[in-house]
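# Residue-level structure breakdown
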Amino acid sequence: MDTIVNNRKHYFSFEIFPPKQSTSFDNIKKVTDSLLDLSPDFISVTYGAGGTAKDNRTVEVCRLIAESGKSTPVAHLTCIGATKSEIDEILDKLTEIGVSDILALRGDRNPNVTHKGEFEYASDLIYYIKSKMGDKFNIMAACYPAGHNESVSQKQDIINLKRKVDAGACRLITQMFFDNEEFYRFRDLADVAGIDVPIEAGIMPITNTRQIEKVISLSGASMPARLTRLIAKYGKNDNAMFDAGISFAIQQIIELLSNDISGIHLYTMNNPEVAKSIYRMVKGLLEF
Ligand code: FAD
């Protein structure tokens, strides 16, 4: 059951990350306030792959969004470094503050994260929450238009994705991608595999060259020549790169919306200016 309500034709949502440990919440409060003014259908808040139940930052940022009454918070939750009782603890905290939407993830395997051995894959987490809590939580999951970097083939990755939907994921959000054709091919394959839940396109505007290496290694997404040309021409000037990156993202979004995509999930990098510049240009199109 998907409880996120949208009165427009296409969903429009944001992703933010919580502040680093022991830094103040003042800045994230300003970021969420600015984003909430743009009426997103939901705002999702990331969570460390090795996150523990003692770390309340994701929960606290979700609380800010919930208390505003202006949008729905979605708490990311990773399982690779968690035990079942730690997951229970976090679910209790989310319930306490009235958050019932989760993006269920495995988390990246990484030397700093101890694999506790109680969950192998995101589908295990989804299955665990559904079997324990029924429909109390609305669960979303991640998907990868270019295939996940560990998967042996895209076909196998889609079979594994279907496991998440069968376990109870009612909405999917993609890893960032820059070539819409990559997304359409993936959407067709998902359709053939019987994946019938909404798939939101994750869009990451490239607004400075410092992002690029990280983005490519994280996503495995291919860079269309149009984008590499923009980076080559404007990458050395921050203002020019900001304008070029926002324009590229706007064109990408408009093309996706015209192809009847379920929705757009914007990786904001906690920069409300990015979100505002894009929203201003596409808000009228979300209705059609
Ligand atoms: P899974 O769905 O478990 O898949 C991981 C790999 O295992 C894939 O290759 C899949 O094909 C394979 N697989 C799945 N099931 C099986 C099976 N039964 N048998 C064999 N192989 C299988 N990371 C964070 O740490 N924090 C975040 O907040 C966060 N937010 C994210 C948000 C989005 C929208 C996306 C796309 C990613 C996010 N990530 C986050 C990154 C994510 O944790 C990593 O990409 C991770 O490596 C995979 O997570 P998953 O939930 O997709 O894993």
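Computed from a predicted model, the values in this text were never measured in an experiment.

Cut-offs and rules
- Residues numbered from 1 in each chain as written.
- Predicted model: local features only at pLDDT ≥ 70, side-chain atom pairs only at ≥ 80, totals over all residues.
- Heavy atoms only, no water.
- Helix = DSSP H or I, 4+ residues; strand = E, 2+ residues; numbered from the N terminus.
- Rg over C-alpha atoms; globule rule 2.2 N^0.38 Å.
- Buried < 20%, exposed > 50% of the residue type's maximum accessible area, 1.4 Å probe, protein only.
- Contact = heavy atoms within 4.5 Å.
- Areas by Shrake-Rupley, 256 points an atom, 1.4 Å probe, with all protein chains shown as cover.
- Lys, Arg positive; Asp, Glu negative; His and termini not counted.
- Charge placed at Lys NZ, Arg CZ, Asp CG, Glu CD.
- Near = heavy atom within 4 Å.
- Polar contact = N/O pair within 3.5 Å; in protein donor to acceptor, adjacent residues only side chain to side chain.
- Nonpolar A, V, L, I, M, F, W, Y, C, P; charged D, E, K, R; others polar.

## Considering the overall build of the chain
Counting its regular elements, the chain contains 10 helices and 8 strands. Relative to the globule expectation of 19 Å for 288 residues, the C-alpha radius of gyration of the chain, 18 Å, shows essentially globular dimensions. Counting across all 288 residues of the chain, residues that qualify as buried make up 53%. Within the chain, contacts between residues separated by at least 24 positions form 80% of all contacts whose residues are at least 6 apart in sequence. Within the structure as shown, the chain displays about 13400 Å² of accessible surface, and the carbon and sulfur contribution to it stands at 50%. Measuring between centres, the 33 positive side-chain charges of the chain sit 3 Å from its 37 negative side-chain charges.

## Side note on the environment of K30
Tracing the chain through its elements places K30 in helix α1 (residues 26–36). Relative accessible area serves as the criterion here: at 56%, K30 is assigned to the exposed category. For the pair formed by K30 and N270, sequence separation is 240 residues and the distance between their alpha carbons is 9.8 Å.

## Things to note about the site of the ligand
Around the ligand lies a shell of 26 residues, among which Y47, D108, Y144, D157 and K164 are the nearest. Separating an oxygen atom of the ligand from a backbone N or O atom of R106 is a distance of 2.8 Å. Taking N160, its side chain carries an N or O atom lying 2.9 Å from an oxygen atom of the ligand. Here the ligand, which alone exposes 980 Å², has 86% of that area covered by the protein. No other element matches helix α5 (residues 154–167), which puts 4 residues into the shell around the ligand. Taken together, the residues of the shell around the ligand break down into 10 nonpolar, 9 polar and 7 charged.

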